[in-house]
Amino acid sequence: MGIEIERKFLVAGDGWRQAAHAVVPMAQGYFNDQLSMDEGRQRASVRVRLEGDAAFLNIKSRELGHTRQEFEYPLPVDEARALLDLCVGGRVEKRRHLVRHGAHLWEVDEFLGDNAGLVVAEIELGSADEAFACPDWLGVEATDCPRYYNLALAARPYSLWSDAERAGPET
């Protein structure tokens, strides 16, 4: 069983762009919806993702916060494209910028389409209490705010958020 320990932050400014050493285009869709998760009818999100020249089927447990069960399986790209057409809700499209800072790799997701304007940075950790260096472009933490989860963005994209919601995760 895989465990993912991930923290998610908003970004403050464009300082991360200069430090990015790679950019990977991504498109993903979900086989279940946010309502099914919210109502407890499903206990995991199931998605298909095109990630550059690769494709994956991913299953993540429903827990809120930084630690979840995660399972990921490679798929042939042509099958992933066909599966994307079977997904419910909207498609999440983004460019993932890889940024090394200190001892960690940061993934800065610049969302496109209906989620354009949203930029978040994620870091995967080996343990929940692992220390990490915060780059100066890192903004407020959004780990515990479900509307920043990709499944939620597929159901209710950033373009539909109120000004208060766009102000940050506290609202």
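As a reminder, the structure under discussion sits directly above these lines.
Residues numbered from 1 in each chain as written. Predicted model: local features only at pLDDT ≥ 70, side-chain atom pairs only at ≥ 80, totals over all residues. Heavy atoms only, no water.

**Some thoughts on the overall build of the chain**
- In terms of regular secondary structure, the chain is built from 5 helices and 9 strands.
- In sequence order, the secondary structure elements of the chain are arranged as β-α-β-α-β-β-β-α-β-β-β-β-α-α.
- Here the chain has a C-alpha radius of gyration of 16 Å; the compact-globule value for 171 residues is 16 Å, and the two agree.
- When burial is assessed residue by residue, the chain has 44% of its 171 residues classed as buried.
- Long-range contacts, defined here as pairs at least 24 residues apart, represent 59% of the contacts in the chain between residues at least 6 apart.
- Here the chain has roughly 8,700 Å² of accessible surface; of this, 51% comes from carbon and sulfur atoms.
- Side-chain charges in the chain split into 19 positive and 29 negative, and the spacing between the mean points of these groups amounts to 2 Å. (Helix = DSSP H or I, 4+ residues; strand = E, 2+ residues; numbered from the N terminus. Rg over C-alpha atoms; globule rule 2.2 N^0.38 Å. Buried < 20%, exposed > 50% of the residue type's maximum accessible area, 1.4 Å probe, protein only. Contact = heavy atoms within 4.5 Å. Areas by Shrake-Rupley, 256 points an atom, 1.4 Å probe, with all protein chains shown as cover. Lys, Arg positive; Asp, Glu negative; His and termini not counted. Charge placed at Lys NZ, Arg CZ, Asp CG, Glu CD.)

**Regarding the packing of aromatic side chains**
- Following the criterion strictly, the structure yields 6 aromatic pairs and no others.
- Judged by centre distance (5.8 Å) and plane angle (70°), the rings of W106 and F132 are edge-to-face. You can see W106 sitting in strand β7 (residues 104-111) and its partner F132 sitting in the loop between β8 (119-124) and β9 (138-141), a full 26 residues away along the chain.
- On the accessibility criterion, W106 (0% relative accessible area) is buried.
- Taking relative accessible area as the criterion, F132 reaches 18% and is therefore assigned buried.
- For the ring pair Y148 and W161, a centre distance of 5.1 Å and an interplane angle of 85° mean the geometry is edge-to-face. Placement of the pair is Y148 in the loop between β9 and α4 (150-155) and W161 in the loop between α4 and α5 (163-166), with a sequence separation of 13 residues. With respect to burial, Y148 and W161 carry one shared label: buried. (Phe/Tyr/Trp six-rings, centres within 6.5 Å; stacked < 30°, edge-to-face > 60°.)

**Focus on the nonpolar core**
- Ranked by internal contacts, the top residues of the largest apolar core, which has 15 residues, are F111, L118, V120, Y148 and L153.
- When residues of this core are assigned to their parent elements, the largest contribution, 3 residues, is made by α4.
- Beyond its immediate chain neighbours, meaning those up to four positions away, Y148 contacts K8, L10, L118, V120, A142, L153, W161, E165, G168 and P169.
- Counting 13 residues, the second-largest nonpolar core is a separate cluster that includes I5, V119, A121 and W137. (Core = buried A, V, L, I, M, F, W, Y, C linked by side-chain atoms within 4.5 Å.)

**Quick notes on the pairing of strand β1 (residues 2-11)**
- Most of β1 sits out of view: 7 of its 10 residues are buried.
- In this structure, β1 lies alongside strand β5 (residues 67-74), joined through 4 bridges in antiparallel fashion. Residue G2 lies in a different strand from β5, and its bridge partner there is E70.
- Direction of pairing for β1 relative to β8: antiparallel, over a ladder of 5 bridges. Counterpart to K8 in the pairing with β8 is E122.
- Examined bridge by bridge, β1 and β9 share 2 bridges and lie antiparallel to one another. Along β9, the bridge assignment pairs V11 with L138. (Pairing = 2+ DSSP bridges.)

**Thoughts on the side chain of N58**
- Structurally, the position occupied by N58 is in strand β4 (residues 54-61).
- Among the polar contacts listed, one links the side chain of N58 to the side chain of E72, at a separation of 3.3 Å. (Polar contact = N/O pair within 3.5 Å; in protein donor to acceptor, adjacent residues only side chain to side chain.)

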